[in-house]
Amino acid sequence: MRDSYGREISYLRVSVTDRCNLRCVYCMPAEGVPLLPREEVLSFEQIASVASAAARLGFRKLRLTGGEPLVRSGLPELVGILARVQGIERLAMTTNGTLLAPVAAELAARGLDSVNVSLDTLDAARYAAVTRGGRLADALEGIDSARHAGMPVKLNVVALEDSTDADFDELRRYAKYIGAEIQFIARYRLSEEKRDGGDYDRPPRCEQCNRLRLLADGTLRPCLHGNVAVKVDFGDLEGSIATAVAQKPKRGGICTGLEVGQIGG
Ligand code: SF4
């Protein structure tokens, strides 16, 4: 469907949880974020009903995000449900990869098409610092398992203040070696005015925005860098989606009160 600026909005990013097993410095504070009560988190059936309505309105791509989507128990089952939604042509997931190894084969078998894995450094000590306690080996094992399960992998590299060209070159060599794509993301803060990626691949340019976000609390967000949130009316799903698309801004601004991890980037 088109928004009021003529942009084709065909991509729904679905945050299945606000929980994460890591605390990346560019995503959430060390103490984490106030978590949604479990009873307020959308069920798989509710997520599937929104995805089906979106598909009826012309959405063709879904991406599962979090927090960390693999923290949500039973995620392979949700993948299986969403992979069968009529009209959805691509089902992807963004993950930190540290929980991916044990389930990669099942996710692929149930219909997951591809994964983006956050990997900002190949230095184990720096990885532990950036993620506040993560193990690089777990992420690399996750990436390996996804590749062996036949899923295309894209590495998401956030350009941090202390990132160097040498870091980026090392990650490029690694991506080439394993046959993965790689994209570099300019660090952004939701509390600051939205800036396009510039020399980096991401954030995307608002002129080409094609996305809508469904949060784990059942709200639709027309824009990452904005405060508009449309509560999904399960009695009028297409109406809720149309209302959210109609409220997409020409350009992102500032989002207050939420961390990236609560929206799913
Ligand atoms: S900031 Fe908003 S309008 Fe711009 S690309 Fe992101 S979601 Fe789209």
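Residues numbered from 1 in each chain as written. Predicted model: local features only at pLDDT ≥ 70, side-chain atom pairs only at ≥ 80, totals over all residues. Heavy atoms only, no water.

Draft legend 1. Structural context of the site of the ligand. Taken together, the neighbourhood of the ligand is formed by Lys 194, Pro 204, Cys 206, Cys 209, Arg 213, Cys 223, Leu 224, His 225 and Gly 252. A class-by-class count of the residues in the shell around the ligand yields five nonpolar, two polar and two charged. (Near = heavy atom within 4 Å. Nonpolar A, V, L, I, M, F, W, Y, C, P; charged D, E, K, R; others polar.)

Draft legend 2. Region of the structure containing helix α2 (residues 75-83). Turning to α2, its buried residues number three or more, namely Leu 75, Pro 76, Leu 78, Val 79, Gly 80 and Leu 82. Tucked inside the fold, the buried residues of α2 contact α1 (44-56), β2 (61-65), β3 (90-95) and α3 (104-109). (Buried < 20%, exposed > 50% of the residue type's maximum accessible area, 1.4 Å probe, protein only. Helix = DSSP H or I, 4+ residues; strand = E, 2+ residues; numbered from the N terminus. Contact = heavy atoms within 4.5 Å.)

Draft legend 3. A look at the sheet that holds strand β4 (residues 114-118). Strand order across the open sheet formed by nine strands is β6-β5-β4-β3-β2-β1-β7-β8-β9, with mixed pairing between neighbours. Pairing within the sheet leaves two strands with one partner each, and these edge strands are β6 (181-186) and β9 (230-231). In terms of strand pairing, β4 meets strand β5 (residues 153-159) through four bridges, oriented parallel. Pairing of Val 117 across the sheet is with Leu 155, part of β5. Where helix α5 (residues 136-148) meets the sheet, it contacts β4 and β5, and its direction lies at approximately 150° from that of β5. (Pairing = 2+ DSSP bridges. Axes fitted to C-alpha atoms, helices over the stretch in contact; angles between N-to-C directions.)

The quantities given are spatial measurements derived from coordinates; they are silent on function.
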